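Chains, contacts and geometry: an overview
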Amino acid sequence: MGRWWSGSVGYEIYPRSFADANDDGYGDLEGLRLRLPYLEWLGVDAIWLAPFYSSPGFDHGYDVSHYCEVNPIHGDLDDFDRLVADAHDRGLRVVVDIVPNHSSSHHRWFQQARESRDSPYRDYYIWKDPARDGGPPNNWVSHFGGPAWTLDEASGQYWCHLFLPEQPDLNWTNPAVREEFDGILRFWCDRGADGFRIDVAHGLMKDPEFRDNPQRVPITDPENPAEVFGAYDHLHDLDQDATTDIYRRWNRVIEPYDAILIGETNPRTIDRVARYVEGDGLHTIFYLEPVWMSWKPVELLDKLEAMNRASDTGVSWVIDNHDASRSATLFGGGVDGQHRSLAMMTFMCALGGFPFLWEGQELGLHDAQLETTNLEDPISTRNEHGIGRDVTRTVMPWDTTHANGFSATAEPWLVAPDRPLEETVAGQKGDPDSWLNKHRELLSVRKSLPDLWQGKPQWFAAPRGNARALRRGDTIAVANLGQAAMEFELPPGSWEVRYDSRGTATGDRLAGPATVAAEATYLLSLR
Ligand code: GLC
């Protein structure tokens, strides 16, 4: 028997944008609890909650000022307990976010660390003397723009921050930091959490010598943080060999609770991924490249296959999350983008591991249209040309009442035009052909075919290019992401199309050479 997540599908929730029970414009844990029947109906097995901890909100919760408290805008610990109890009653697991790479600058550890060089908390963070010219100690850059170092005038030293200056990086060479986090993991497990999604899991350890990162390509637009960040080979600030030791330790801490560790990792190469999930470290890692890629089917399929070959059970597959444009938009927009998104998700349901949907993905949503004056993401507000993440973070469209049913009367924290009926849960639920019902059907078909995640993966030699096929036990997944229908030679036997992302072939019995529609994925089982 596998662990509980074997065969499970997860659902990412951004608590700020999901449902606002107390009508203050911010989503809360109680609002989310009241929506659990929807998630149960949809057929997901677990929810992952983005941070709901105390935070000044410079990065909307990814800047934690107290790891064991609930931010009052989201509720309190009693709300958390009620949410977990209700979710468990419904058979839903609850995975919480943990942010170990950095705390908030408002955390008491950092405040005390800043007060004096002799503070016992000083060494909880990464401090360095200025370079000879007085500038930052090395050339590392922040993901969110500017250098990864800010000068603390009082002590004359720089602190390291791979994100905002308000997100100082913790010093994971300090045993006291490791002990603090053991306690935080136990705290949430004792309250019933079923696991953790680990933010920037590949970032914790840094090069012991803090060497410069080599620059790969020239920078054309210094105001664009993504371009600047991508111009370097992140040899020394990310994905250090020693980071996986931390997860072996965490694995021992959480083992008695049957909890999962899911890392948000972005290793330099696919062959470095297995290091995180082999042995007794993380259980799965989010493979994020498909989240950021535009529609390049050949490249996408090459990466998916390579990743599945690197680890069949250790990957949490995603095409959408709270950090990128929605896949329906990124994959070309319109109905084509929606079909491509579902075709990709369908194929990911056959790749083993623990796939996740992102709130609203099941509705086939495109990016929201936002006025620049309403942007909230620090990537947009602190940079001239930063393309921010707000477009995917607007409120969940439940119906066509005020603010799409998110809040009763309050204006949502992120102001955006309401979505029309056909983009809401209410508008799609009763329509068997809606995106919502197509996603629901996909989850139910996956559940009914355990071979799809348990069978040994055997990749077919053909087709290649923008199509790919994989057999697992008595099931086959064929993705044809090209623009024309394709012929695929089925192995001997009679095969039934159990799910077709286009919806036209479901139920068909096929044998020998079979036609697979354009930009579609079929899941078949042997009769
Ligand atoms: C991760 C989160 C992102 C956050 C960043 C810093 O990438 O997914 O939303 O801004 O880490 O914590």
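Rules and cut-offs
Residues numbered from 1 in each chain as written. Predicted model: local features only at pLDDT ≥ 70, side-chain atom pairs only at ≥ 80, totals over all residues. Heavy atoms only, no water. Helix = DSSP H or I, 4+ residues; strand = E, 2+ residues; numbered from the N terminus. Rg over C-alpha atoms; globule rule 2.2 N^0.38 Å. Buried < 20%, exposed > 50% of the residue type's maximum accessible area, 1.4 Å probe, protein only. Contact = heavy atoms within 4.5 Å. Areas by Shrake-Rupley, 256 points an atom, 1.4 Å probe, with all protein chains shown as cover. Lys, Arg positive; Asp, Glu negative; His and termini not counted. Charge placed at Lys NZ, Arg CZ, Asp CG, Glu CD. Salt bridge = Lys/Arg side-chain N within 4 Å of Asp/Glu carboxyl O. Polar contact = N/O pair within 3.5 Å; in protein donor to acceptor, adjacent residues only side chain to side chain. Near = heavy atom within 4 Å. Pairing = 2+ DSSP bridges. Axes fitted to C-alpha atoms, helices over the stretch in contact; angles between N-to-C directions. Expected span 1.5 Å × (residues − 1). Arc of directions from axis to C-beta.

Moving on, we get to the overall build of the protein chain. Counting its secondary structure elements, the protein chain contains 17 helices and 21 strands. Its C-alpha atoms give the protein chain a radius of gyration of 23 Å, within 12% of the compact-globule value 24 Å for 527 residues. Dimensions of the protein chain, computed from the C-alpha atoms along their principal axes, are close to 75 × 50 × 50 Å. Sorting the 527 residues of the protein chain into buried and exposed places 60% on the buried side. When contacts within the protein chain are restricted to residue pairs at least 6 apart in sequence, those whose partners lie at least 24 apart make up 68%. As displayed, the protein chain has an accessible area near 19600 Å², and 48% of this comes from carbon and sulfur atoms. With 49 positive and 82 negative side-chain charges, the protein chain shows a separation of 6 Å between the mean positions of the two kinds.

This part takes up the side chain of Arg122. Assignment of secondary structure puts Arg122 in the loop between helix 5 (108–115) and strand 6 (127–128). For the buried Arg122, which has no salt bridge, the nearest side chain bearing the opposite charge is Asp152, at an N-O separation of 4.0 Å. Within the structure, Arg122 has its side chain in polar contact with the side chain of Ser155 (distance 3.0 Å). Leaving out residues up to four positions away in the same chain, Arg122 has contacts with Ala113, Arg114, Ser116, Arg117, Trp127, Asp152, Ser155 and Gln157.

Neighbouring the ligand are 14 residues, the closest being Asp59, Asp199, Glu264, His322 and Asp323. For the ligand, an oxygen atom lies 3.0 Å from a polar atom in the side chain of Arg197.

It is worth spelling out the environment of Thr401 at this point. For Thr401, the location among the structural elements is in the loop between helix 14 (378–381) and helix 15 (425–429). Here Thr401 falls in the partly exposed class, since its relative accessible area comes to 46%. Separated by 94 residues in sequence, Thr401 and Trp495 place their C-alpha atoms 45 Å apart. A polar contact of 2.6 Å, which involves the side chain of Thr401, links it to the side chain of Asp399.

Looking at where Asp59 falls in the secondary structure, it is placed in the loop between strand 3 (53–54) and strand 4 (66–70). According to the relative accessible area criterion, Asp59 is buried, its value standing at 4%. Looking at Asp59, its side chain comes within polar contact range of the side chain of Arg389, at 3.1 Å. When near neighbours in sequence (up to four residues on either side) are disregarded, Asp59 contacts Phe144, Leu164, Gln167, Pro378 and Arg389.

This paragraph deals with the sheet that holds strand 15 (residues 467–472). Strand order in this open sheet of six strands is 14-15-16-21-18-19, and the pairing throughout is antiparallel. Taken across any chain shown, the strands that pair with only one partner, and hence form the sheet edges, are strand 14 (457–459) and strand 19 (509–510). Strand direction decides the pairing type here: strand 15 and strand 16 (residues 475–480), joined by six bridges, are antiparallel. Residue pairing in the sheet places Arg472 in a bridge with Thr475 of strand 16. This element, helix 13 (residues 334–348), spans strand 14, strand 15, strand 16, strand 18 (495–500) and strand 21 (520–526) of the sheet and lies at about 35 degrees to strand 21. Packed on one face of the sheet, helix 16 (residues 435–448) meets strand 18 and strand 21 and runs near 140 degrees to strand 18.

This part is about the sheet that holds strand 8 (residues 157–160). Ordered in space as 6-8-7, the three strands form an open sheet in which the pairing is antiparallel. Looking at strand neighbours, the two that pair on one side only are strand 6 and strand 7 (149–152), the edges of this open sheet. Pairing of strand 7 with strand 8, which is carried by four bridges, proceeds in the antiparallel orientation. Considered in strand 8, the bridge of Leu151 is made with Tyr158.

Moving on: the pattern of salt bridges. For the structure shown, the criterion picks out 41 salt bridges. Asp79 is paired through a salt bridge with Arg82; the nearest N and O atoms lie 2.6 Å apart. Of this pair, Asp79 and Arg82 both sit in helix 4 (residues 77–89), separated by three residues, roughly a single helical turn. Where Asp86 meets Arg90, a salt bridge forms, and the shortest distance between an N and an O atom there is 3.0 Å.

Moving on, we come to helix 6 (residues 175–190). Since the α-helix packs 3.6 residues into each turn, any two residues three or four apart lie on the same face. Taking 1.5 Å per residue as the helical rise, helix 6 with its 16 residues ought to reach 22 Å, and the 23 Å between its terminal C-alpha atoms agrees with that figure. The set of residues buried in helix 6 consists of Val177, Arg178, Phe181, Asp182, Ile184, Leu185, Trp188 and Cys189. Looking straight down helix 6, one finds its buried side chains confined to an arc of 165 degrees; they lie on one side. Along helix 6, exposed side chains directed more than 90 degrees from the buried face belong to Pro175, Glu179 and Asp190. Its side-chain oxygen placed 2.9 Å from the backbone nitrogen of Ala176, Asn174 serves as the N-cap of helix 6.

Time to look at the pairing of strand 21. With respect to burial, strand 21 is a largely interior element, six of its seven residues being buried. As defined by bridge partners, strand 16 adjoins strand 21 across six bridges and the pair is classed as antiparallel. Bridged to Ala479 within strand 21 is Thr521. Pairing analysis gives five bridges linking strand 18 to strand 21, with the strands arranged antiparallel. Looking at strand 21, one finds that Val497 is bridged to Leu524.

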